[in-house]
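# Descriptive structure summary
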Amino acid sequence: MAKAPISEEALKEQFGPHLNYVPPGGWKDESIHPAEKLVKTHCCFCGQQCGIQLKVRENHIIGFEPWEDFPFNHGMLCPKGVKRYMQSGHPDRLLTPLMRRANGFQTATWDESLHFTVAKIREIQDKYGKDAFAIYGGASLSTEKSYLLGKFARVALGTRHIDYNGRLCMVSAGTAYKLAFGIDRSTIPWSEIPKAEVLFVIGANIGECAPITTDYIWRCRDNGGKLIVADPRMTPITRNADLYLPLRPGTDLALLLGMLHVILRDGLEDRDFIGQYTTGFDDVAAYARQWDLRKAAEMTGVPPETIEKAARWIGKSKRCILMHARGLEHQSKGVENCSAIVNIALATGNIGREGSGPTMITGQGNGQGGREHGQKCDQLPGQRSLADPAAREYIAGVWGIRPEDLPQPGYSAQEIMNAIHAGEIKGLLSMCFNPLVSLPDANFTREALSKLEYFGVIDFFMSETAHHADVVLAGSLHEEEDGLGCSAEGRVIHWQKSIDPPGQARQDSDIIIDIAHRLGRGQYFPFKNPADILEELRVASRGGVADYYGITYERVDKQKGIFWPCPDLDHPGTPMLFADKRFYTHDGKAHFNKTEWRPSGDPVDDDYPLYLTTGRVVSQYLSGTQTRRIGALVDQYPEPRAEIHPRLAEKHNIKDGDWLTVTTRRDDLTIRAMVVKTIRPDTVFIPYHWAGTRSANRLTHRTLDPRSKIPEFKVSACRIQLATTPDSSPDDRAAHNGASRGGA
């Protein structure tokens, strides 16, 4: 059974996270022993994928230099980017396979660990069926590895259940854009941002989650552009906004419907564009007309005159960019929220022209590329649908199998965990995914993991989830394997291999290929290196929406990135979509989509009267598996804090720095208060990068958007009270509390 073999504290003492402050050899070593080479590559963290040059000596990363001529960031880096090289050579690095024994994890040979893994896969599938085994991937994987993992699940295992942690990031936006445009990608490159007359930012803490993007926003402001920000918190860029809309968590759709109402009421829509290039406008307009300013203001808590001003600025501008991120998407109506943004862009004709368009700010490093080529539960390479007969026939031909041998679409990430908890899925292999920290309702996740008959993890650090594994396979860092990534703006980039994996650690792709061969499916996985995988990926994506056929490592290096679609080797790439006003839909037009209001899956009431929302801080990244090991980043924000407004703090007799307990319908969490004026008085904010007794996702709920299957991280009902001491008890108490409370 997949349970931690020894106490959490003992596992942390052995495997970390431990804080690392110095590079290999120390700070002065480079002055005596300079780097042998500089390798142009990219940051391993967020979706901006800033260019960076890594200093290499004797198979170690010893530092970095700015890559000033990379066109996105021009050498600029955020605190995480400056320290990203510190994970290479980290003392917590996994160097050998590990297998769970009665007294903890012990080193094992590759042959022993892979033999055991393959035996358990066969045992589970023979006993329960192909779909009793599932695969988790990660949005930090290269595009080649994402492609490989999707093929592995469907061809080597024959399971329909594969999904990835990007399900927790961008899928609501991707679904909405596909419904409207037939394509899942930002409509513009970031170079268009400074050209906008109006920038509307909603649900996006750009200053902390995408710091280099702020440079583009300030250039827009310098050019005379106006900045509108909608968020329950006054995030850093809000301090310089021209207009701020402090909406209640979960009411984004009401705000956007109210804004569209004003645009239509005042005749600010672009009737020529709507009539010539779109469908579905009348139904959307009829529904929006029901959302007058009074109704929208009552729902959102934003003054009606502020909603009106924002709508009129957008409607009257000739160039408007509408930017959104997780605040809009992490809701049970995330697809409707994103469709409402698209509807405003279409209604005002802000699409396919300079300085205009809706754009999603991808959160994870390869969140874009990772969802294009097959590790999503419903997708085949090239953004093809797994349910499309023509797509199945084409990909089956590339892979050398029969179309009927391809599984049908399977469960999404949270649905896989639900099925594990229910006993339907018995085995799981996970690569670079830490669901115990990143999935909602962490106690439910912990219970589910304990029910697995086999759990394998491929990673380079021992994550909190890996504590529950039977086998931990030492994989590769970002800089230890060649591969492509795709940035938030749709630019395909090259993660150049800088060093070899240390010790007995192996490249991730080699591990997957080895397992496929041991399963007797090696003829379908003849790859010797990532370049071989890319060659097949190019063919598999050819003719799809996400067409990579014209993209090679050499071209990417020469051009410093290529925007897809790029259908042949002579094609320059496509930085701006829809410049010709042709869309990737069946009729070539953009589609308005009706966005009906519905409440959150965890509503506030008298017992839980406050809104809990979660998010990121600038020095940490996602589940913290990497950043919680880098001393300088931890020092910048050492522990999670609960942000509350002074009025809410006064009501509960809480002062800044006091311990407070936040309680939801699932669990409670005791952390220090951060009393700030930059948050609504009815809202509590907690960053989610920490594990165990400090995990914000002990509090969140498992309600999913019915189409994107994304959990509703951004809206939970809660209450708070003053606490006298911190919750310093071990994690098994958290498991006990979760079991007694039950899940939502």
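To start, this report covers the structure provided alongside it. Small disclaimer: the values here were computed from a predicted structure and weren't measured.

Cut-offs applied
Residues numbered from 1 in each chain as written. Predicted model: local features only at pLDDT ≥ 70, side-chain atom pairs only at ≥ 80, totals over all residues. Heavy atoms only, no water. Helix = DSSP H or I, 4+ residues; strand = E, 2+ residues; numbered from the N terminus. Rg over C-alpha atoms; globule rule 2.2 N^0.38 Å. Buried < 20%, exposed > 50% of the residue type's maximum accessible area, 1.4 Å probe, protein only. Contact = heavy atoms within 4.5 Å. Areas by Shrake-Rupley, 256 points an atom, 1.4 Å probe, with all protein chains shown as cover. Lys, Arg positive; Asp, Glu negative; His and termini not counted. Charge placed at Lys NZ, Arg CZ, Asp CG, Glu CD. Core = buried A, V, L, I, M, F, W, Y, C linked by side-chain atoms within 4.5 Å. Pairing = 2+ DSSP bridges. Axes fitted to C-alpha atoms, helices over the stretch in contact; angles between N-to-C directions. Polar contact = N/O pair within 3.5 Å; in protein donor to acceptor, adjacent residues only side chain to side chain. Parallel < 35°, antiparallel > 145°, perpendicular 65-115°, else oblique. Left-handed = near helix turned anticlockwise from the far one by under 90°. Nonpolar A, V, L, I, M, F, W, Y, C, P; charged D, E, K, R; others polar.

This paragraph deals with the overall build of the protein. Along the backbone of the protein there are 25 helices and 28 strands. Against the compact-globule benchmark of 27 Å for 744 residues, the protein has a radius of gyration of 25 Å, which places it among compact chains. Across its three principal axes, the protein shows a C-alpha extent of roughly 70 × 65 × 60 Å. Buried positions account for 66% of the 744 residues belonging to the protein. Across the protein, contacts joining residues at least 24 apart in sequence account for 75% of those joining residues at least 6 apart. Accessible area for the protein stands at about 24,500 Å²; split by element, carbon and sulfur atoms hold 49% of it. Here the protein contributes 89 positive and 92 negative side-chain charges, whose respective centroids are spaced 2 Å apart.

A few words now on the nonpolar core. If you look at the biggest cluster of nonpolar residues, it comprises 125 residues, and the most contacted ones within it are Phe152, Phe181, Phe200, Met259 and Phe525. Looking at this core, the element that brings in the most residues is helix α9 (residues 252-265), giving 10 residues. In this structure Phe525 touches Leu148, Lys151, Phe152, Val155, Ala156, Ile513, Ala516 and His517, once residues within four positions along its chain are discounted. Core analysis: the second largest hydrophobic core is formed by 39 residues, Trp67, Phe70, Tyr85 and Ile237 among them.

Strand order in the open sheet formed by five strands is β10-β9-β8-β12-β13, and the pairing between neighbours is parallel. A single partner strand is all that each edge strand has here, and the edge strands are β10 (243-245) and β13 (357-360). In this sheet, neighbouring strand axes are inclined to one another by 15 degrees on average, regardless of whether the strands run parallel or antiparallel. Bridging between strand β12 (residues 320-324) and β13 involves four bridges; their strand directions are parallel. Its bridge partner lying in β13, Met323 is registered against Thr359. Seen against the sheet, α9 touches β8 (198-202), β9 (226-230) and β10 and runs at an angle of roughly 155 degrees to β8.

This part is about the sheet that holds strand β20 (residues 491-495). Taken together, three strands build an open sheet; the order of strands is β19-β20-β21 and the sheet is antiparallel. Every other strand in the sheet has two partners, leaving β19 (483-486) and β21 (562-563) as the edge strands with one partner each. Where β20 lies against β21, two bridges are found, and the strand directions are antiparallel. Following the sheet pairing, Arg491 is matched in β21 by Phe563.

Along the chain, Gln383 falls in the loop between β14 (379-380) and β15 (384-385). At 2.9 Å, the side chain of Gln383 and the backbone oxygen of Asp184 are in polar contact. In contact with Gln383, other than residues within four places in its own chain, are Lys178, Ile183, Asp184, Gln368, Arg371, Glu372, Val545, Ala546 and Trp564.

With that settled, the discussion passes to unusual backbone geometry. With an omega of 20 degrees, the peptide bond between Gly16 and Pro17 qualifies as cis. Summarising the element assignment, Pro17 is placed in the loop between α1 (8-15) and α2 (29-32). Note that the residue after Trp564, namely Pro565, is joined by a cis bond; omega there is 0 degrees. Its location among the elements puts Pro565 in the loop between β21 and β22 (590-591). Although it is not a glycine, Lys560 sits at a positive phi angle of roughly 55 degrees. With respect to the helices and strands, the residue Lys560 is situated in the loop between α22 (553-559) and β21. Backbone geometry at Asn653 places phi at a positive 60 degrees, although glycine is not the residue there. Checked against the element boundaries, Asn653 lands in the loop between α24 (646-651) and β25 (659-663). Classification of Asn653 as exposed rests on a relative accessible area of 52%.

We now examine the pairing of strand β26 (residues 668-675). Judged from the four bridges that link them, strand β24 (residues 641-644) and β26 form a sheet pairing that is parallel. Paired with Ile644 across the strands is Val675, a residue of β26. One ladder, built from five bridges, connects β25 with β26; its direction is antiparallel. In the strand pairing of β26, Leu660 is matched with Ile671. The turn linking β25 back onto β26 is made up of four residues.

This part takes up the packing of helix α17 (residues 413-421) against helix α19 (residues 442-449). Two elements in contact, α17 and α19, have axes separated by 8 Å at closest approach and are oriented at 55 degrees. Our classification of the angle between α17 and α19 gives oblique. Like other packed secondary-structure pairs, α17 and α19 cross with a definite hand, here left-handed. Contact with α17, carried on its side by Gln414, Met417, Asn418, Ile420 and His421, involves Phe444, Thr445, Glu447, Ala448 and Leu449 of α19 and no other residues of that element. Across the contact of α17 with α19, the residue classes tally to five nonpolar, four polar and one charged.

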